[in-house]
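What follows is the residue order along each chain.
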Amino acid sequence: MSSYLEATRDLYKEAALTPQADLCCTSSSPVAMPGLVIPTEMSEMNYGCGTTVSLLDIGSESTVLYVGVGGGMEALQFAYFTRRPGSVIAVDSVPEMLEKAGENFKIAAEQNDWFDPSFVTLMEGDALDLPVPDDSVNLAAQNCLFNIFVADDLKRSLEEMRRVLRPGGALVMSDPICQTEIPTVLRDDERLRAMCLSGAVTLEGYIDQITGAGFGTVEVRGRRPYR
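Residues numbered from 1 in each chain as written. Predicted model: local features only at pLDDT ≥ 70, side-chain atom pairs only at ≥ 80, totals over all residues. Heavy atoms only, no water.

## Looking at helix 3 (residues 73-82)
Quick reminder of the rule: For every residue, the accessible area (1.4 Å probe, protein chains only) is compared with the maximum for its type, and the residue is labelled buried under 20%, exposed over 50%, or partly exposed between those bounds. Going along the chain from the N terminus, every DSSP run of H or I of four or more residues is numbered as a helix, and every run of E of two or more is numbered as a strand. Throughout, a residue-residue contact means that at least one pair of heavy atoms, one from each residue, lies within 4.5 Å.
Counting buried positions along helix 3 yields ten of ten residues, so the element is predominantly enclosed. Turning to helix 3, its buried residues number three or more, namely Met-73, Glu-74, Ala-75, Leu-76, Gln-77, Phe-78, Ala-79, Tyr-80, Phe-81 and Thr-82. Buried-residue contacts for helix 3 involve helix 2 (40-43), strand 1 (64-67), strand 2 (88-92), helix 4 (95-111), strand 3 (120-124) and strand 4 (137-143). Just downstream of helix 3, Arg-83 is the residue with a positive phi angle, here 50 degrees.

Quick look at the structure:
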């Protein structure tokens, strides 16, 4: 395993054991949905930026893959729409994060009478080699994870997402981008890369990676500044 990936797993192991509100480049408020209560334990572990959850992408019959489960908040939000056993598959490479997410789903079930932890299947696995069959999900999503990868690993992770998507399926991502190239000395800092701070690429470069992996239409739904 590459040393920067080891550093990333170590960092998120720490973040699973002790929530770190300032871990990622920016934080986002949970999307408000009628009848959905986000446990405090989940919101404290919101290590994403923006959101990947939209009614435009998902219906009750959808099967969703979410890579990088974190505290489980967005997996819970996806389950709000699917509401059936195994309809959300949440993959993470950090065992401690999976364990914490499982605990959080039990709390979510106590606070949401519509939710059952069986709606979300937690799986240990890697974005570079997803433990999911070909053509098995309608929607694949990740939030503030792929920007950590170096170029070759980003290419591989995007190809893996395409592999597991059914024909007509969609990939939804929320990641930091940069307006100009980040200096090499910062890119090579493994801790800064793991914190989602120095691995960002330009929007043009990111779109080139996405289309290069075989995806068709790319829609940019929102951008907001961060400094």
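## Considering the packing of aromatic side chains
This is how the line gets drawn: Here is the rule: rings of Phe, Tyr and Trp (six-membered ring for Trp) pair when centre to centre is within 6.5 Å. Planes less than 30 degrees apart are stacked, more than 60 are edge-to-face, and the remainder are tilted. Charges are assigned to positions over rings by a cutoff of 6 Å between ring centre and Lys NZ or Arg CZ, combined with an angular limit of 35 degrees from the ring normal.
Under the definition given, this model contains eight aromatic pairs. Here the aromatic rings of Phe-146 and Phe-149 are separated by 5.6 Å at their centres, their planes lie at 45 degrees, and the arrangement is tilted. Judged by its relative accessible area of 1%, Phe-146 is buried. Residue Phe-149 is classed as buried on the basis of its relative accessible area of 8%. The aromatic ring of Tyr-4 is capped on one face by Arg-193, whose charged end is 5.7 Å from the ring centroid.

## Thoughts on the pattern of salt bridges
Working definition: two side chains of opposite charge can pair if their charged atoms are close together. Let me state the cut-off plainly: A carboxyl oxygen of Asp or Glu within 4 Å of a side-chain nitrogen of Lys or Arg is what we treat as a salt bridge.
Summed over all chains, the structure comprises ten salt bridges. Of the charged contacts in the structure, one is a salt bridge between Asp-57 and Arg-221, with a shortest N-O distance of 2.8 Å. Of the two residues, Asp-57 is situated in the loop between helix 2 and strand 1 and Arg-221 in the segment after helix 8 (203-212); the sequence distance between them amounts to 164 residues. With a relative accessible area of 45%, Arg-221 lands in the partly exposed category. Across the pair Glu-159 and Lys-155 runs a salt bridge, and its minimum N-O distance is 2.6 Å. Residue Glu-159 and its partner Lys-155 are both found in helix 5 (residues 151-164); the two are separated by four residues, about one turn of the helix. Assessed through its relative accessible area of 33%, Glu-159 is described here as partly exposed. Of the residues examined, Lys-155 reaches a relative accessible area of 41% and is grouped as partly exposed. One continuous salt-bridge network, built from bridges that share partners, spans Asp-57, Glu-219 and Arg-221.

## Examining the environment of Val-37
Assignment of secondary structure puts Val-37 in the loop between helix 1 (3-17) and helix 2. According to the relative accessible area criterion, Val-37 is partly exposed, its value standing at 37%. For the pair Val-37 and Asn-112, spaced 75 residues apart in sequence, the C-alpha to C-alpha distance is 6.2 Å. With residues up to four places along the chain from it excluded, the contact list for Val-37 reads Leu-76, Gln-111 and Asn-112.

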